[in-house]
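# Summary of structural features
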Amino acid sequence: MKGKKIAIVAHCILNQNSVVNGLERAEGAFNEVVEILLKHNYAIIQLPCPELIYLGYDREGRTKEEYDTKDYRKLCKELLKPIIKYLEEYKKYNFKFILIGIENSPTCDIFRHRGILMEEFLKEIERLGIDIKMIAYPKDEKDYEAFIKALKEEKNVYDFYEKDGKLIVRYI
């Protein structure tokens, strides 16, 4: 029996060794995220890390504007080709998808400051007419609890912020 649910995750959700040195938030993977996905019977597809391929392991952090070059976009498009092929096939059989990005990443942010890889990925998703839920691992740890709650409830989360001492979560 197949669950027909697939989580497409930013590379560093499963591999914090790939992030810019000093920005890692776990020793390996974000274990709680992985545990939730597995508990909810999601298969997991890990997106590639174009930053690691483009500049290597011992790189300095860059802004989206610094990554936004013809060569970097070309790399992102090439790296996404096999992932898009997988999703095309799964779509034929009515699989459900969730995309987990990284808030404030120049490559993998989904919402406010959409990263380069996610721009290219979501263009393809739209072109193919794939319905996909989206959520971003929060930049600020104060938003982590709301992120985990939304992930457990399998909801799209656009934003979380604090107002008058209360955590506000905006769902799509």
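Anything mentioned here points back to the structure above.
Let us look at the structure shown here. (Residues numbered from 1 in each chain as written. Predicted model: local features only at pLDDT ≥ 70, side-chain atom pairs only at ≥ 80, totals over all residues. Heavy atoms only, no water.)

### Brief notes about the overall build of the protein chain
As a reminder, the rule being used: Helix and strand definitions here come from DSSP, where helices need a minimum of 4 consecutive H or I residues and strands a minimum of 2 consecutive E residues; each element is numbered from the N-terminal end. For the exposure calls, accessible area comes from a 1.4 Å probe over protein chains only, and a residue counts as buried if that area is under 20% of its type's maximum, exposed if over 50%, partly exposed in between. Working rule for contacts: check all heavy atoms of both residues, and any pair within 4.5 Å makes them a contact. Note on areas: Shrake-Rupley, 1.4 Å probe, and residue coverage restricted to the protein chains presented here.
Helix and strand counts for the protein chain stand at seven helices and six strands. Along the protein chain, from the amino end to the carboxyl end, the secondary structure elements read β-α-α-β-α-α-α-β-α-β-α-β-β. In the protein chain, buried positions account for 47% of the 172 residues. Long-range contacts, defined here as pairs at least 24 residues apart, represent 61% of the contacts in the protein chain between residues at least 6 apart. By element, 49% of the accessible surface of the protein chain is carried by carbon and sulfur atoms, the whole surface being about 9900 Å².

### Looking at the side chain of Asp109
Basically, it comes down to this: What qualifies as a polar contact is a pair of N or O atoms within 3.5 Å, subject to a donor-acceptor requirement within protein and to the restriction that residues adjacent in sequence count only when both atoms come from side chains.
Mapped onto the fold, Asp109 is located in the loop between strand S3 (96-102) and helix H6 (116-128). There is a polar contact of 2.9 Å between the side chain of Asp109 and the backbone nitrogen of Asn104. Residues within four places of Asp109 in sequence aside, it is in contact with Ile102, Glu103, Asn104, Arg114, Gly115 and Met118.

### Overview of the packing of aromatic side chains
Applied cut-off: Two aromatic rings from Phe, Tyr or Trp, using only the six-membered ring of Trp, form a pair when their centres are within 6.5 Å; if the ring planes differ by under 30 degrees the pair is stacked, by over 60 it is edge-to-face, and anything between is tilted.
Counted according to the given criterion, the structure contains seven aromatic pairs. For the ring pair Tyr144 and Phe147, a centre distance of 6.3 Å and an interplane angle of 40° mean the geometry is tilted. Pair noted here: Tyr144 and Phe147 are both in helix H7 (residues 144-152), with a separation of three residues, about one helical turn. Aromatic ring contacts, followed pair by pair, group Phe30, Tyr137, Tyr144 and Phe147 into a single cluster.

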